[in-house]
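Remarks on the overall topology
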Amino acid sequence: MAAKGNTDENERMSVLLSRLLDRKVIGTPEVVDIKRRIWPIQEYIGNSSNEFEDLTYGGSQPEGIVMQGTDLDILRTDKNVVVLYRGQEIPRDCEHKTILYMKEAGCRSGYATLQLGNFGEMVTEKLSKSLVSFDGELYVSSDIYREQNVKIFTETTGMKAESHGPSSILSEMPFPTDHVYSFRCNSFPEGANEWINRTRLYGWPSQSLTDKIVNGGCHLVPVGDTCSGDTLLQWRVSLITAERQLVHSLNHTQFQVYCLLKYFLKQIQDSIEKMTSDRDILCSYFMKTLTFFAVENTHPMFWQEKNLFYCFWFCFNMLISWVRLGHCPNYFFKANNMFEKKVHGQNQQKLLQILDHCQKLKWMSLAVGTYFDPSIMEYLRYARVQAELGRPQTLAKIEHDKDIEILDGLKWCRRMFLYRNSLVSPMSSMLKSQTEVDDLITYYSTVCTLLTVAVESYPNPETSTGNKTRYKSLKKCRQWLIPASSFGTELLYLATFHFKTGNYKKALEICNGILLLKTFDIDDETRIPPEKQEMHAHAFCGQGYTLVDRIRKIFTCNLFFKDRHFCLHHFEPELSKCSRGLYIPSLPYAVFLSFLCFHELEDRTGCDAALHNLIMVKYDDQQGGHRHWIVHTLLGICYQTLGDTQRAKRAYLESHQTRTFFHELNPALERIESLRSD
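Quick summary incoming for the structure in this document. Quantities reported herein were computed from a predicted structural model and do not represent experimental measurements.

Some details on unusual backbone geometry
Between Trp 204 and Pro 205 the backbone carries a cis peptide bond, its omega angle lying at -10°. Relative to the elements of secondary structure, Pro 205 occurs in the loop between helix 6 (193-197) and helix 7 (207-215). Cis peptide bonds are those with omega within 30 degrees of zero, and the linkage from Asp 373 to Pro 374 qualifies with 0°. Position of Pro 374 relative to the elements: it lies in the loop between helix 12 (345-361) and helix 13 (376-380). Even without being glycine, Ser 277 reaches a positive phi, approximately 65°. Take Ser 277: it is sitting in the loop between helix 9 (252-276) and helix 10 (284-296). Even without glycine at this site, Lys 362 takes up a positive phi of about 50°. By secondary structure assignment, the location of Lys 362 is in the loop between helix 12 and helix 13.

Right under this line is the structure:
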């Protein structure tokens, strides 16, 4: 009876743990599906209109995991290079491309060298600079190619870039993003033939998925085998698309276990670093490999919600056995021991100490560490939390959670497709969409493209064109801005148009309407606070609104300006220094634009009220000056417009002293100097 009681309690707690993960950490199966659908759509739209490179998204976020510290890998593949094996016939559509031949690298499986076959019509400078002569042949050096990319990345972004493994990363970015430059091979790597023919007693992955992965080929990324003596010419075989497909094929309990393993790793990494001085002696990729092997070698019926902790514990004990053996097989290249020269000697023993301690804790192993505070297990032990998890979620809450994920997805689309002026790819993607979410994402991508066309059609005031031509351009600009204006604060682009064309009352009317949205906590960097979530769920969810209707009512995103003709002339110093464009939070921009409207209408009372509101916005939790230096600049421009030079200088100085994202591109000191010289 005691054993039965323990089993019942473990099953009850496993169900609660599953619901906690669904509601507070990774999302329900429906929410996870939304997270995943966003990325292939972006790839399709972006790649179909880019003649130089293909983007492939990997890492936790495209897999459907969004939690603190989750990563995003962007694989950037040169479209004008193709990798083949010797003896393969060059495909007709690749005859104009540079041909590289994959050869044995003389190190662990999963690596290769790339010998130059012939140059194509378009060869990048970084590729030609990476060629090294060896045994009378030219090879592409992974080390040189990687550092060339870091150098170019630094020059084009204006921020310090550095290499990490095969990646080029911007250390100053607020979210972790690895940019990996690669070459594509349409063939599956010969070294992974064992994976293709492996006996799979439990049918995972399915034969159809295996065939799809094999037909998808692979990529070569610029990093060598650290266990070999010379990495100069070695390239690692990447199966990033295969891994993404495998993760997407997991059932929800298997996916939850994968997330728990990543969560557990985050929790113990500080302890690992203290004991071994190597934070990455265990890495996230090992957790993925562990999940794949566990799923492949167990019956599907094992992976049920009531068994969630048992499933996690099964994987945890596999991990301990691997560490004891000092052997972690690569999932695709089984002969490749990923622990080699990493988990051995003193480090191996110290890592075992940490894992053995956690093993004794069993359930409470989910309470170790401080990366997530409170920990999952601490949170789960609260009686009120258990009571809440025991209750079914309302329709309003379910719709709300979906909306939040879609909003995040649309903001990614916005980063991708704003200032992309081809309508063909988003329109063709819309025709292929299968769900309401697909429809919304592809429609919004189209809207972003129209917004780009609208901005680019705004006439240059310095170009002498006739009034008739200018009127036609303005009319087109306004028409193409209208679709975007249905998405929440995107209406501010139309308000900007009205201000620039002298219709100050219309611009002011739009700004006043925008200020009533009360959804300004949704921006590019943060999620909606709980109190705002409750407000949104109560007001819009479970009320019979369609998905599009709900999103249009609450959509809020930073304004982005790049075109000097369309952007307000007040931001000329910022645009001169921020060559990539200028981001302005929507709430302060709406207040700032209303101030300019009142000033043009010679309404001093309105100016004073707007100025007071902008001062208040400076302290806003999400869009205030402590998060965005441009907010102080907006206030300085207002003071300068009113002729209050001293207050303007103080505001610009505050802007300069606010060390937030892209602060190095802030021309606040130049603004102060300009005021001094006037």
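A short note on the packing of aromatic side chains
Here the structure, examined in full by the defined rule, presents 41 aromatic pairs. Taking 5.3 Å as the distance between ring centres and 40° as the angle between the ring planes, the aromatic pair formed by Phe 183 and Trp 235 counts as tilted. Here Phe 183 is found in strand 9 (residues 177-185), whereas its partner Trp 235 is found in strand 11 (residues 234-238), with 52 residues between them in sequence. No difference in accessibility class separates Phe 183 from Trp 235, as the two residues are buried. Ring centres of Tyr 379 and Tyr 382 lie 6.3 Å apart, and the angle between their planes is 75°; this geometry places the pair in the edge-to-face category.

Brief notes about the nonpolar core
Residues Phe 183, Leu 220, Phe 332 and Phe 571 are the most contacted members of the largest nonpolar core, which totals 187 residues. Top contributing element to this core by residue count: helix 11 (residues 308-325), with 12 residues. Setting aside chain neighbours within four positions, we find Phe 332 in contact with Phe 188, Gly 191, Ala 192, Trp 195, Leu 239, Ala 242, Glu 243 and Leu 246.

Parameters at a glance
Residues numbered from 1 in each chain as written. Predicted model: local features only at pLDDT ≥ 70, side-chain atom pairs only at ≥ 80, totals over all residues. Heavy atoms only, no water. Helix = DSSP H or I, 4+ residues; strand = E, 2+ residues; numbered from the N terminus. Phe/Tyr/Trp six-rings, centres within 6.5 Å; stacked < 30°, edge-to-face > 60°. Buried < 20%, exposed > 50% of the residue type's maximum accessible area, 1.4 Å probe, protein only. Core = buried A, V, L, I, M, F, W, Y, C linked by side-chain atoms within 4.5 Å. Contact = heavy atoms within 4.5 Å.

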